[in-house]
Structure formats: structure tokens, C-alpha cells
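Below are the chains, spelled out letter by letter.
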Amino acid sequence: QVQLVESGGGLVQPGGSLRLSCAASGFTFSSYYMTWYRQAPGKERELVATIGARGITTNYADSVKGRFTISRDNGRNTVYLQMNNLTPEDTAVYYCNKRPPSNSWGRGTQVTVSS
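Q: I'd love a proper account of the sheet that holds strand β7 (residues 68-73), names of residues and values included.
A: Pairing is antiparallel across the open sheet formed by 4 strands, whose spatial order is β1-β3-β8-β7. Here the strands that pair on one side only, and so sit at the sheet edges, are β1 (3-7) and β7. Each neighbouring strand pair of the sheet contributes to a mean axis angle of 15 degrees, computed without reference to strand direction. In this sheet, strand β8 (residues 78-83) lies alongside strand β3 (residues 18-25) in antiparallel orientation, the contact comprising 6 bridges. Following the sheet pairing, A23 is matched in β8 by T78.

Q: I'd love a proper account of the nonpolar core, names of residues and values included.
A: Of all hydrophobic cores here, the largest spans 29 residues; its most connected members are W36, V79, L81, M83 and Y94. Elements supplying a minimum of two residues to this core: β3, β4 (33-39), β5 (46-51), β7, β8, β9 (92-99) and β10 (109-113). At 4 residues, β3 tops the list of elements feeding residues into this core. If near-sequence neighbours (up to four positions away) are discounted, M83 is found in contact with G16, S17, L18, L20, R67, F68, Y94 and V111.

Q: Break down the sheet that holds β10 for me, citing the residues and quoting the values.
A: Taking strand neighbours across the sheet as the criterion, the 6 strands line up as β2-β10-β9-β4-β5-β6 in an open arrangement whose pairing is mixed. The open sheet has two free edges, formed respectively by β2 (10-12) and β6 (58-60), since each of these has just one partner strand. Ignoring which end each strand starts from, the neighbouring axes of this sheet average 25 degrees apart. With 3 bridges joining them, β9 and β10 adopt antiparallel strand pairing. Within the sheet, the bridge partner assigned to Y94 lies in β10 and is T109.

Q: Requested: an account of the environment of N74, with residues and values cited.
A: Looking at the secondary structure, you find N74 in the loop between β7 and β8. N74 sits 29 residues away from R45 along the chain, and the two C-alpha atoms are 26 Å apart. Excluding its chain neighbours within four sequence positions, the residues that come into contact with N74 are F29, S30, A53 and R54.

Q: Please provide a residue-by-residue account of the packing of aromatic side chains, values included.
A: With the rule as written, the count across this model stands at 4 aromatic pairs. Ring plane angle 85 degrees and centroid distance 5.5 Å describe the contact between F27 and Y32, whose orientation is recorded as edge-to-face. You can call Y32 partly exposed: its relative accessible area is 27%. Put simply, the rings of F27, F29 and Y32 pair up and form one aromatic cluster. It is R19 that lies over the ring of Y80; its NZ or CZ is 4.0 Å from the centre. If you follow R45 out to its NZ or CZ, it ends over the ring of W105, 3.9 Å from the centre.

Q: Account for the pairing of β10, naming residues and giving values.
A: Burial along β10 is one-sided: the face carrying T109, V111 and V113 is buried and the face carrying Q110 and T112 is not. Relative to β10, β2 runs parallel, the two sharing 3 bridges. The residue bridging G10 from the neighbouring strand is V111, located in β10.

Rules used in this analysis
Residues numbered from 1 in each chain as written. Predicted model: local features only at pLDDT ≥ 70, side-chain atom pairs only at ≥ 80, totals over all residues. Heavy atoms only, no water. Pairing = 2+ DSSP bridges. Helix = DSSP H or I, 4+ residues; strand = E, 2+ residues; numbered from the N terminus. Axes fitted to C-alpha atoms, helices over the stretch in contact; angles between N-to-C directions. Core = buried A, V, L, I, M, F, W, Y, C linked by side-chain atoms within 4.5 Å. Buried < 20%, exposed > 50% of the residue type's maximum accessible area, 1.4 Å probe, protein only. Contact = heavy atoms within 4.5 Å. Phe/Tyr/Trp six-rings, centres within 6.5 Å; stacked < 30°, edge-to-face > 60°. Lys NZ or Arg CZ within 6 Å of the ring centre and 35° of its normal.

Here it is, written out as C-alpha cells:
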């Protein structure tokens, strides 16, 4: 069974940084693209960043390009999201999933950007 456990969120001031982690299990992690999503209050879940199975290919939403970096460690079955220069608009619950996405979403990790 697919399990996804996100961590690393918290409260940070505008301009600050956070590094999110997602530990995956229940599937062959190294064979799948992985994606970070986020969902802000009252909004639909949106795709933030995607990384290829070998970690070579990456894609980002326009809103985070140049500020966020997705990476992965296939030896640890973990995908990361380094978030720099955070703004209040980045406040959301962040989730990871494989592509195509599993129906078994994790609980996510809350990121709050506020002064």
C-alpha cells in the first residue's frame, strides 16, 4: 500500500526558507516521477513541482520558479522541496505524490508564511 509522509513545514517569516521532505513507501520509488502539490484555504490543490524518476528532469509552477527546488534521494525513498524567499502566498498545506498520483494521499505538512 502506498504511504506518503510529508514533514518539515512550519511558521516562517516572509523571505525565509523551509525544506520539506516526503518519505514514500509501498511502491518502487525509483521508477516514478514525484510531484509536490499544495492547497491553500478555500482553493483547489495545485501542482508545485515535479521531478523525474532519476532526478534529472524537473518542472515548476510559474509561481515558484527560481525560488523552489525539488530533489530526490532514491536510496532513501524521499523527495524534497527546498523553498526560499517565501511569501504569504505560499501559505498552504503541502503534499507529495507519485505520478500518476495514488489515491492514498498523505496528511500533508502545513506551511505558514507570516510576519
